[in-house]
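Listed below, chain by chain, are the residues.
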Amino acid sequence: MVLALAWNKRFYSSRSYKDALNCLNSLQTNFKMIQDFKKNKNAVRKTDQAIDEMKEYMYRLGYGKSLKEIDNLNCIHITGTKGKGSTAAFVNSILLNYSKYVDNSKINKIGLYTSPHLKTCRERIRINGEPISEQLFTKYFFEVWDGLNSTTSDEIKFPDLKNHKKPGYFKFLTLLSFHVFVQEKCNTCVYEVGIGGKYDSTNIINNPTSTGISLLGIDHVNVLGDTVLKICDNKIGIFKKNANNFSILGQPETEEVFGLMQKRLETIGSEEKLNLIPVFDQLDSKINKAFNLGINGDFQKVNASLATALSINHINKIADNKIPIEFETKNGSNVWDHKMNVPDFIKDGLQECKWEGRCQTIKDTDFKTWYLDGAHTIDSIQKSTDWFVQTQVNKSTNSHKKTILYFNQQSREDHVKEFLEYINTATKNHKIKFDEVLFSTNKTWSEGYSTDLVSMNVDVKQVDALTVQKRLKDIWLSENNSENNVKIFDSIEDTYKYIKQQDGEVDIFVTGSLHLVGGLLVVMDGK
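All of the points below concern the structure found in this document.

About the cut-offs
Residues numbered from 1 in each chain as written. Predicted model: local features only at pLDDT ≥ 70, side-chain atom pairs only at ≥ 80, totals over all residues. Heavy atoms only, no water. Buried < 20%, exposed > 50% of the residue type's maximum accessible area, 1.4 Å probe, protein only. Helix = DSSP H or I, 4+ residues; strand = E, 2+ residues; numbered from the N terminus. Pairing = 2+ DSSP bridges. Contact = heavy atoms within 4.5 Å. Axes fitted to C-alpha atoms, helices over the stretch in contact; angles between N-to-C directions. Phe/Tyr/Trp six-rings, centres within 6.5 Å; stacked < 30°, edge-to-face > 60°. Lys NZ or Arg CZ within 6 Å of the ring centre and 35° of its normal. Lys, Arg positive; Asp, Glu negative; His and termini not counted. Salt bridge = Lys/Arg side-chain N within 4 Å of Asp/Glu carboxyl O. Polar contact = N/O pair within 3.5 Å; in protein donor to acceptor, adjacent residues only side chain to side chain.

This part is about the pairing of strand E10 (residues 333-336). Burial of the side chains of E10 extends over both faces: Ser333 and Val335 are buried on one face and Asn334 and Trp336 on the other. Pairing of strand E8 (residues 274-277) with E10, which is carried by three bridges, proceeds in the parallel orientation. The partner of Leu274 across the bridge, within E10, is Ser333. Two elements, strand E9 (residues 327-330) and E10, share four bridges in a ladder whose sense is antiparallel. If you follow Lys330 over to E10, its bridge partner there is Ser333. Between the end of E9 and the start of E10, which pair antiparallel, lie two residues, with Asn331 showing a positive phi angle near 50°.

Here it is, written out as structure tokens:
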């Protein structure tokens, strides 16, 4: 079928995983281009051309014009501002549990595509819960890389694809994910959108079984717009005519947002109503005391409920078993019943779900307890901090225990003051005092970055001069009248070593960036 690539097997077999990473990292957008995008909103390509180019890349790899191969993956497509990654992880865990314990005849090889990665870029492309191996990544990477090198596009129709120009970092990985899942014969795939929806490179999925929108909020304003409604208008671009389309019930600006969603369904000719998903009682630990989600944080019950509905719909569409649902039609939408019975295999899948770097607790044998969350928007910082606060107020008072904040946010300079102010206020309000506040770059090791974590979209001079970290220190001290012990470090490794030298019981809250959390996990692994 696809990719008559016998001609290049002898080439990729001699190239390594590190060679693939070096090629991949060359596709990153550099710092100067990102700054130009921020200054000039028109520089960000928000047109159908972006989607047409993605399809063109697929055609050049040998896939059919209808992209039927993607249809055969039976995709679930998820977007949102907060919680889309967790929702995707929950769906993946539910369906893995379904195939393991209920029926594996139609759902038995499940692909999961998410971003960003924490420790290795292979995490973005998983099959049956596991990142693909270095060997598989290298094999398929160079099939795509060489396939694009050996083909060309019509320069009149695609002027930006001249001279074998390749897609950017994220778009290339999206292209790679489709190729991997098709070649590995996955029969269910869960896709998390990168940014937005309408023009995102994942949005060449023409016939998903289900689409879902998690909590909406303000983020990526230079690409998506500066209001919830503008952002919603972009994200509903993933809604498809032949899919069942879902949103959580608790969206901001509810009436206007749901109006936009319903209008989108009318525009694309969908005969199905919008599905609105409440928090199901059986998934709410405040109601069902015996139930606890595998991902911490009370707010995750919203994502778990959306994942439940998406999974049920997917199973009902492609599997032989049918799961009963209960809903009431209100104002033109199907509102699912919060008292609906949730099958045990779903509850088990939700409880077993693991998603590193999101409200994650790690307890070391030397009495260090790490509270990790890669929050990097104000909404997520609030939820992350509230989760950390809850872990502390539930503990018995221990005057000997030390509490540390470890924070970085390298690229959202317009928001860091707001982030730190919330962390400061929320902890003070609950009488939680940080004995030390630590800031570092996202550089993995003292000698540089892990190859999987190389970042070209930050200002190298600022990183070397610790410019951002000095500003973070000034912001924190201005709020706290110099009462905290604040330190700056050049790398994650140096910070980790400093913390590990502390005596006694220490709680460390690490937040502000998934890159920081991911780098810390790499350092903890010692790799």
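Okay, the sheet that holds strand E1 (residues 75-79) next. The 10 strands are arranged E4-E3-E2-E5-E1-E6-E7-E8-E10-E9 in an open sheet whose pairing can be described as mixed. The outermost strands of the open sheet, each flanked by one partner alone, are strand E4 (130-131) and E9. By the bridge criterion, four bridges tie strand E6 (residues 210-213) to strand E7 (residues 244-248) in an arrangement that is parallel. When the sheet's bridge partners are listed, Thr211 is paired in E7 with Asn245. Here helix H12 (residues 300-318) sits on the sheet and contacts E1, strand E5 (188-192), E6, E7, E8 and E10; the angle it forms with E7, its principal contact strand, is near 170°.

In this section: the packing of aromatic side chains. The tally for this structure, following the rule as stated, stands at 20 aromatic pairs. Ring centres of Tyr113 and Tyr191 lie 5.3 Å apart, and the angle between their planes is 45°; on these two criteria the pair is classed as tilted. Of this pair, Tyr113 sits in strand E2 (residues 110-113) while Tyr191 sits in strand E5, and the two are 78 residues apart along the sequence. Look at Tyr113 and you get buried, because its relative accessible area is 0%. Note on Phe489 and Tyr498: the rings are 5.2 Å apart at their centroids and 45° apart in plane angle, and the pair reads as tilted. A residue is classified by how much of its surface remains accessible, and Tyr498, at 17% relative accessible area, is buried. Taken together, the ring pairs in this structure connect Tyr17, Phe137, Phe141, Phe142, Trp145 and Phe172 into an aromatic cluster. Lying across the ring of Phe142, Arg15 places its NZ or CZ 4.0 Å from the centre. Cation over ring: Lys166 sits above Trp145, and NZ or CZ is 4.2 Å from the ring centre.

This part is about the side chain of Lys166. Tracing the sequence through the fold places Lys166 in the loop between helix H7 (134-149) and helix H8 (169-183). Although buried, Lys166 forms no salt bridge, and the nearest oppositely charged side chain, Asp146, lies 7.4 Å from it. At 2.5 Å, the side chain of Lys166 and the side chain of Asn149 are in polar contact.

So, on to the pattern of salt bridges. For the structure shown, the criterion picks out 22 salt bridges. A salt bridge links Lys84 to Glu192; the shortest N-O distance between them is 2.9 Å. Of this pair, Lys84 sits in helix H6 (residues 84-101) while Glu192 is found in strand E5, placing the two residues 108 residues apart along the sequence. For Lys84, a relative accessible area of 12% translates into the label buried. Its relative accessible area of 3% is what places Glu192 among the buried residues. Here Asp226 and Lys230 are joined by a salt bridge, their closest N and O atoms 3.1 Å apart. If you follow the salt bridges from partner to partner, you end up with Asp284, Lys286, Asp298 and Lys301 in one network.

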